[in-house]
Amino acid sequence: MNLILLGGPGAGKGTQAKKLIDLYHIPQVSTGDILRAAVKEGTEMGRKAKEFMDAGKLVPDEVVIGIIKDRLAQADAKKGFILDGFPRTVPQAEALDKVLAGLGTKIDHVVSIDVDEEALVTRLTGRRTCKNAACGQMFHVKFTPPKKAGICDKCGGELYQRDDDNETTVRNRLATYNQATAPLIGYYTQKGLVRPIKGVGSIDDIFNQIVGILAAPKCSCGA
Ligand code: AP5
Ligand code: MG
């Protein structure tokens, strides 16, 4: 199964992707995580990307398309993948279609997670993320606090606040989403792939909704 999780910053894409991995045994492919790893390593690409990320802007299409092309060609993506944070522009979506056609596959579902903007700001400004890249679990100081402050429940790693999780950058990220990424809902609706869900409620309830949608047969109308 090839799945795209679409939604604004903080909609819960990463949270749900981590749960879906356990059920479907397919990898999460997050361009945000790959870019943050490059920033941490101090590569040339990472240094350039950080300026865009800190400003709440998108990293140029050619950079992220190159990342995805390499990642989806890896062996573990052959049985399927969960795209989290890619595509984010119509040119990225068009490039993805071409990459997948070249690999002899296509997108099966696009789950579009909708959460109102003020809730997204609250979620992101309170998010804490595990520093251990192999884990990367997300917590929230109010909604999903770790058992021990500052320590990851899953792996014992240290928790940190992402550089772009401050209110000014979050608001810029929201504006970028509305301008560049929201049009993808129309792009994939035309292809009959969009499955919209409300991303508000418990993490488990939202997960169960997604699993139900993915298990349901598609109707002939494409809905
Ligand atoms: P990226 O890392 O993809 O960030 P994002 O899209 O802004 O998404 P987030 O990771 O902030 O949110 P999420 O939906 O994963 O939410 P989460 O599950 O953590 O991208 C970062 C930057 O990299 C971009 O701004 C851009 O510069 C660049 N970039 C990346 N991809 C790119 C691309 N394709 N093209 C160009 N540039 C690119 O949840 C958030 C919080 O809410 C957590 O604290 C969580 O615990 C909590 N939460 C989750 N679900 C619930 C719930 N149901 N109720 C209450 N709280 C909840
Ligand atoms: Mg994320």
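Scroll up to find the structure.
Since the structure is predicted, the reported quantities are computational estimates derived from the model, not experimental observations. (Residues numbered from 1 in each chain as written. Chains lettered and ligands numbered in written order. Predicted model: local features only at pLDDT ≥ 70, side-chain atom pairs only at ≥ 80, totals over all residues. Heavy atoms only, no water.)

## Topic: the pairing of strand S3 (residues 81–84)
Logical step 1: Neither face of S3 is left uncovered, since the one carrying Phe81 and Leu83 and the one carrying Ile82 and Asp84 both have all their residues buried.
Logical step 2: Two strands pair when backbone bridges link them, and strand S2 (residues 28–30) and S3 are joined in this way by 3 bridges, in the parallel orientation. Counted as the bridge partner of Gln28 is Ile82 from S3. (Buried < 20%, exposed > 50% of the residue type's maximum accessible area, 1.4 Å probe, protein only. Helix = DSSP H or I, 4+ residues; strand = E, 2+ residues; numbered from the N terminus. Pairing = 2+ DSSP bridges.)

## Section: the nonpolar core
Logical step 1: Counting 27 residues, the largest nonpolar core has Leu72, Phe81, Leu83, Leu96, Ile107, Val110 and Tyr188 as its most contacted members.
Logical step 2: Of all the secondary structure elements, the ones that give two or more residues to this core are strand S1 (2–7), helix H3 (44–54), helix H4 (61–72), S3, helix H5 (90–102) and helix H8 (183–190).
Logical step 3: Tallying contributions element by element places H4 first for this core, with 5 residues.
Logical step 4: With near-sequence residues (within four places) excluded, Tyr188 lies in contact with Ile4, Pro87, Ala93, Leu96, Val110, Leu193 and Val194.
Logical step 5: The next biggest cluster of nonpolar side chains, apart from the first, holds 21 residues, and it includes Leu3, Ile26, Val115 and Leu214. (Core = buried A, V, L, I, M, F, W, Y, C linked by side-chain atoms within 4.5 Å. Contact = heavy atoms within 4.5 Å.)

## Some points on the packing of helix H6 (residues 117–125) against helix H7 (residues 167–181)
Logical step 1: At a closest axis distance of 10 Å, the pairing of H6 and H7 adopts a crossing angle of 135 degrees. Taken together, the axis directions place H6 and H7 in an arrangement best described as oblique. By crossing handedness, the relation of H6 to H7 is classed as right-handed. On H7, the residues that touch Glu117, Glu118, Leu120, Val121, Leu124 and Thr125 of H6 are Glu167, Val170, Arg171, Arg173, Leu174 and Asn178.
Logical step 2: Per-class residue counts for the contact of H6 with H7 are 5 nonpolar, 2 polar and 5 charged. (Axes fitted to C-alpha atoms, helices over the stretch in contact; angles between N-to-C directions. Parallel < 35°, antiparallel > 145°, perpendicular 65-115°, else oblique. Left-handed = near helix turned anticlockwise from the far one by under 90°. Nonpolar A, V, L, I, M, F, W, Y, C, P; charged D, E, K, R; others polar.)

## Section: the site of ligand 1
Logical step 1: Near ligand 1 lie 36 residues; those nearest to it are Thr15, Lys57, Arg88, Arg127 and Arg173.
Logical step 2: Across the complex, the protein chains shield 96% of the 1,000 Å² of accessible surface that ligand 1 would expose by itself.
Logical step 3: Broken down by secondary-structure element, the contributors of at least two residues to the shell around ligand 1 are helix H1 (13–24), helix H2 (31–41), H6, strand S6 (138–140) and helix H9 (203–215).
Logical step 4: Broken down by element, the shell around ligand 1 gets its largest block of residues, 4 residues, from H2. (Near = heavy atom within 4 Å. Areas by Shrake-Rupley, 256 points an atom, 1.4 Å probe, with all protein chains shown as cover.)

## Overview of the side chain of His140
Logical step 1: Structurally, His140 can be placed in strand S6.
Logical step 2: The exposure class of His140 is buried, given its relative accessible area of 7%.
Logical step 3: Reaching out from His140, the side chain makes a polar contact with the backbone oxygen of Thr122 at a distance of 3.0 Å.
Logical step 4: The contact partners of His140, leaving out residues within four places of it in the chain, are Thr122, Arg123, Gly126, Arg127 and Pro145. (Polar contact = N/O pair within 3.5 Å; in protein donor to acceptor, adjacent residues only side chain to side chain.)

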